[in-house]
Amino acid sequence: MIGPADDLMIHQTHEPVRYASTSDRRFYDRHFLTGHSQDGDVFFLLGMGVYPNLGVIDAFASVAVGDTQTTTRASRELGVDRLDSTGVGPVDLQVLEGLRRLRFFVAPGDHAVSLDLLWEGSVPAFEEPPLHSRVAGRLIEQGTRLIQTGRWSGHVTVAGRRFEVGPDTWWGARDRSWGVRSIGLEREPKGIAQAHGLGKKRPPLWIWSPMQFEKRTVHLVISEHASGEREIETVRHVPVLPAGGEFRELSEPAHELKFDSDRELLEGSSVSFRDIDGSRRTVTLEPLRRAYLRAGTGYGGPDPWRHGAYMGESWVDSVSFDLSDEALTKRIGPTHVLCRMTTDTGEVGYGTFETQVFGAFPPYGFDS
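Cut-offs used in this document
Residues numbered from 1 in each chain as written. Predicted model: local features only at pLDDT ≥ 70, side-chain atom pairs only at ≥ 80, totals over all residues. Heavy atoms only, no water. Helix = DSSP H or I, 4+ residues; strand = E, 2+ residues; numbered from the N terminus. Buried < 20%, exposed > 50% of the residue type's maximum accessible area, 1.4 Å probe, protein only. Contact = heavy atoms within 4.5 Å. Polar contact = N/O pair within 3.5 Å; in protein donor to acceptor, adjacent residues only side chain to side chain. Salt bridge = Lys/Arg side-chain N within 4 Å of Asp/Glu carboxyl O.

Draft legend 1. Local environment of the environment of Gly179. When you line up the elements, Gly179 lands in strand E12 (residues 170-180). What makes Gly179 buried here is its relative accessible area of 6%. With 42 residues separating them along the chain, Gly179 and Gly137 place their C-alpha atoms 18 Å apart. Setting aside its immediate chain neighbours within four residues, Gly179 contacts Arg26, Phe27, Tyr28, Gln142 and Gly143.

Draft legend 2. Structural context of unusual backbone geometry. The omega torsion across Leu241 and Pro242 is -10°, close enough to zero to call that bond cis. Checked against the element boundaries, Pro242 lands in the loop between strand E15 (230-239) and strand E16 (248-249). Here the amide bond leading from Gly333 into Pro334 is cis, since omega sits at 10°, within 30 degrees of zero. Relative to the helices and strands, Pro334 is located in the loop between helix H2 (326-329) and strand E21 (335-343). Of note in the backbone geometry, Glu252 takes a positive phi value of approximately 55° without being a glycine.

Draft legend 3. Expanded view of the side chain of His255. Following the sequence through the fold, His255 ends up in strand E17 (residues 251-256). A polar contact of 2.6 Å, which involves the side chain of His255, links it to the side chain of Tyr364. Ignoring sequence-local partners within four residues, the contact set of His255 consists of Leu205, Ile207, Ile222, Glu224, Arg230, Ser270, Val271 and Tyr364.

Draft legend 4. Just the pattern of salt bridges, in detail. Under the counting rule described, the total for this entry stands at 26 salt bridges. The salt bridge involving Arg145 is made with Glu128; its shortest N-O contact spans 2.7 Å. Of this pair, Arg145 sits in strand E10 (residues 138-158) while Glu128 sits in the loop between strand E8 (126-127) and strand E9 (131-135), placing them 17 residues apart in sequence. Like Arg145, the residue Glu128 is buried in the burial classification. When the shortest N-O distance is used, the salt bridge between Arg216 and Asp275 registers 2.9 Å. Here the residue Arg216 occupies a position in strand E14 (residues 216-224), and Asp275 occupies one in the loop between strand E18 (269-274) and strand E19 (280-292), the gap between them amounting to 59 residues. Relative accessible area serves as the criterion here: at 6%, Arg216 is assigned to the buried category. With relative accessibility at 8%, the residue Asp275 sits in the buried group. One network of salt bridges, in which partners are shared, links Arg216, Asp275, Asp277, Arg281, Asp344 and Glu347.

Right, here's the structure in full:
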């Protein structure tokens, strides 16, 4: 089935652009972006995803202010034209300059969140190691993910409150990924992996953090078993644009984290790594605000909507969550923790520190 995108020289297979290279219904193509004021008053999560094998495109804008996180989300049918990847109800994402400038827009209307934001990358976009995993021989995850930190300008309105956004004090990060992934979509019938509890063997500690400083970004990713064995261990130094300098792989990432009984990150936590000059660098984390990944954004939790779910020809909805309700926040994690990040040399930065502890992890006092 050919479409307008087929006139562009972007083919990756012998088939029309409309067809994904796999028939796996979990195939997706998604933008995920975060943003925040440095004073911690506002923290937002934005996303848009395409699911060609489900015939769906959907998007969300979720804003945490005070004790409330409010999300507006939308979905519509995806037709033949893969270039028609904007205008999901009131939500739009426009690529103004590839890997440098984006615009995310939610038009005002009868919904809780509206915004008009310009994203400008502060560092070159860079790839994480390729996503690839199998369970019982079956492909579970395969794809590409790029990361970039940047700055925001524009405005955000949530529940009648308007916030002016400027690049000096509104920073953020983006996660751009595509491939096959078991997140969001309606679950398949249980099979051998569930019958034998193979998913329980995943590492219980997860850390993902793009730490944004004035002159560089340090991106840290760790997936660790209670024994200390790691499935993922990545730390990278990426200099800001246009200053230049080298992208560098760093080494020896470590963590000294503190959690409360609900496994929420506490002040006094730190991470460390071997820096470009060979010295041991420690970054102290000061939590400023939390935003919850499953607060109506399609990633699961108590809200029934999931990414890729067919919601009809066109659908728009808004939901709000009381972040002072501890019973509720336990159900809408994992938590993106906005932190002020200070190195032992005095660099001060900001960024998301996403961490999860699943089940038993005795090193931090969790026995089950």
